[in-house]
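Now for the letters of each chain:
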Amino acid sequence: MNVSGLLSRFHALTAYRRLLEDLEREGAVPPLGLLRAARPAILAALARDLGRPLLVVVGSVERARTLHETLRHWHPQPERVLRFPEPPVLFYERAPWPRETPANRVAVLARLAAGEEGLIVVTSVRALMQPTLSRRALRLSTHTIRVGQAIDLEQTVHRWTGLGYDPVSVVEGPGQFSHRGGILDIYPPTEPYPVRIELFGEEVDSIRAFDPATQRSQTRLDSVTVPPAREALPRYGPRVAEELAEWFGADHPPEVAEELARHRVALDAGIAFPGLEFYLPYFYHPLPCLLDHLPSEGLLAVDDPAELAETWAELEEQAVGLRETAERSGELPPDYPLPYLTWDEWQERVTDRPLLVLGHGEAEAPSDLSSHFEPGPRYGGR
């Protein structure tokens, strides 16, 4: 059930109107001290009234899931409430990510770059710590294909491979493409359906969305925008392979040597492969994070600063132990860069940004806005 109609009642509150004015002036706003149950409603109201993208950072993965779902009930346009997901892989682990994880992360970055009004992105500390591709790399790697445009078929296929799309015989999920004669199928992470591009010679004759289950064409389109399919762009692979050539050629246990040999060949060829994200710290310097993609007019909101710091410290402590174990077993290249954003780096990046604290900050004094909310009655099981 969508209850966004209730948001209009906030305009009757002087404290809410004052908060809007302070945020529009980008002035300093004291911590709101809101009840957790009230935070989704306030966030949805701010997204609607400010018309600016909001990035909401919470501590735990579970809290991110819960807040995302609740916000969808409060937001007038639920499709504009996004969750930036965390990879289900530990730092320093050479395990492959599920295909949908990088696709969903890139989709969020692309929609932030598009400047959609009222967009809310919810992320956990774990997802935020994981580096992503740079804003510049996203911009340079995104291209649009239009009906009537002339394209070089071989060059287009090569480009999609370098952007992390997997060549398949039948396109079924985001991040895949196929090529049959004068027909190109591709599933950009930002689109609800895959797209079929039909060529007449070198000219784009038609573009249609199609159902991946039945492969039947649906809506006719004038154009399609193709962003990268993942954050670690395979086109940078040859440079990484050259940088790590000595490590790839060193002595490794047979099963590890076989895996690394496959990685080296794929990096050299500039194609995606399971486990590519392990090498992401070599792709960009300095490591970009989600906050870099929030437009300058965007609003950064933090759920609970104390919980944020505590979760971050726990994850960094875990990462130190994982690195020591990986180094002892010889599973890391020498001088392997930190594969995550540290707490100190995060603090530096938020220094010059207006920050909205939804819970309590260092001071426990409630804000004027928080006094308008109180917890519901507890019936103790009666």
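As the structure is a computational prediction, the values presented were derived from the model and not from experiment.

What counts and how
- Residues numbered from 1 in each chain as written.
- Predicted model: local features only at pLDDT ≥ 70, side-chain atom pairs only at ≥ 80, totals over all residues.
- Heavy atoms only, no water.
- Helix = DSSP H or I, 4+ residues; strand = E, 2+ residues; numbered from the N terminus.
- Rg over C-alpha atoms; globule rule 2.2 N^0.38 Å.
- Buried < 20%, exposed > 50% of the residue type's maximum accessible area, 1.4 Å probe, protein only.
- Contact = heavy atoms within 4.5 Å.
- Areas by Shrake-Rupley, 256 points an atom, 1.4 Å probe, with all protein chains shown as cover.
- Lys, Arg positive; Asp, Glu negative; His and termini not counted.
- Charge placed at Lys NZ, Arg CZ, Asp CG, Glu CD.
- Pairing = 2+ DSSP bridges.
- Axes fitted to C-alpha atoms, helices over the stretch in contact; angles between N-to-C directions.
- Salt bridge = Lys/Arg side-chain N within 4 Å of Asp/Glu carboxyl O.
- pLDDT = per-residue confidence, 0-100.
- Polar contact = N/O pair within 3.5 Å; in protein donor to acceptor, adjacent residues only side chain to side chain.

Counting its secondary structure elements, the protein contains 12 helices and 13 strands. Against the globule reference of 21 Å for 382 residues, the protein gives a C-alpha radius of gyration of 23 Å, in line with a compact fold. Taking the principal axes of its C-alpha atoms as reference, the protein extends roughly 65 × 55 × 45 Å. Out of the 382 residues belonging to the protein, those deemed buried represent 49%. Put simply, of all contacts in the protein between residues at least 6 apart along the chain, 73% involve residues at least 24 apart. Summed over all atoms, the accessible surface of the protein reaches about 18,300 Å², with 50% contributed by carbon and sulfur. Looking at the protein, you have 39 positive and 56 negative side-chain charges, and the mean spots of the two groups are 6 Å apart.

Read across the open sheet, the 5 strands follow the order β2-β3-β1-β12-β13; overall the sheet is parallel. The strands lining the two open edges of the sheet, one partner per strand, are β2 (81-84) and β13 (355-357). Pairwise comparison of adjacent strand axes, ignoring direction, gives a mean angle of 25° for this sheet. Where strand β12 (residues 299-302) lies against β13, 3 bridges are found, and the strand directions are parallel. Bridge pairing links Ala301 to Leu356 in β13.

This brings us to the pattern of salt bridges. For the coordinates displayed, the defined rule picks out 22 salt bridges. Residues Asp303 and Arg36 are paired through a salt bridge, measuring 3.8 Å at the closest nitrogen-oxygen approach. Of this pair, Asp303 sits in the loop between β12 and α11 (305-328) while Arg36 sits in the loop between α1 (14-24) and α2 (39-50), and the two are 267 residues apart along the sequence. Given a relative accessible area of 37%, Arg36 falls into the partly exposed group.

Turning to the confidence of the model for the protein, a few remarks are in order. Of all residues in the protein, 99% attain a pLDDT of 70 or more, and the chain-wide mean is 93. The spread of mean pLDDT over the elements of the protein runs between strand β10 (residues 217-221), the lowest at 91, and strand β3 (residues 120-124), the highest at 98.

Here we take up the sheet that holds strand β5 (residues 166-167). With mixed pairing, 6 strands are arranged side by side in an open sheet as β5-β6-β7-β8-β9-β10. Of all strands in the sheet, those with a lone pairing partner are β5 and β10, marking the two edges. As paired strands, strand β9 (residues 203-210) and β10 are joined by 3 bridges and run antiparallel to one another. Across the sheet, the residue bridging to Arg208 is Arg220, located in β10.

The subject of this paragraph is the environment of Phe373. Summarising the element assignment, Phe373 is placed in the segment after β13. The spacing of Phe373 and Trp160 is 213 residues in sequence and 51 Å in space, taken between C-alpha atoms. Those residues in contact with Phe373 that lie beyond four places of it in its chain are Phe10, Leu34, Leu35, Ala38 and Ile42.

This paragraph deals with the pairing of strand β6 (residues 176-180). Looking at chain direction, β5 and β6 are connected through 2 bridges and run parallel. Pairing of Pro167 across the sheet is with Phe177, part of β6. Summarising the sheet, β6 and strand β7 (residues 183-186) pair through 4 bridges and their orientation is antiparallel. Looking at the pairing, Ser178 lines up with Asp185 of β7. Taken together, β6 and the strand that follows it, β7, pair antiparallel across an intervening segment of 2 residues, in which Gly181 is found at a positive phi of about 60°.

Right, let's get into the environment of Ile183. Mapped onto the elements of the fold, Ile183 is located in strand β7. The class for Ile183 is partly exposed, based on a relative accessible area of 25%. Along the primary structure Ile183 and Ile207 are separated by 24 residues, whereas in three dimensions their C-alpha atoms are 10.0 Å apart. Residues in contact with Ile183, not counting those within four places in the same chain, are Ser178, Arg196, Ile197 and Glu198.

Attention now goes to the side chain of Arg52. Inspection of the secondary structure assignment puts Arg52 in the loop between α2 and β1 (54-58). Residue classification places Arg52 among the buried residues on the basis of a relative accessible area of 12%. At 3.1 Å, the side chain of Arg52 and the backbone oxygen of Leu23 are in polar contact. Arg52 has contacts with Leu23, Glu24, Ala47, Gly118, Leu119, Glu297, Gly298 and Leu299, leaving out every residue within four places of it along the chain.

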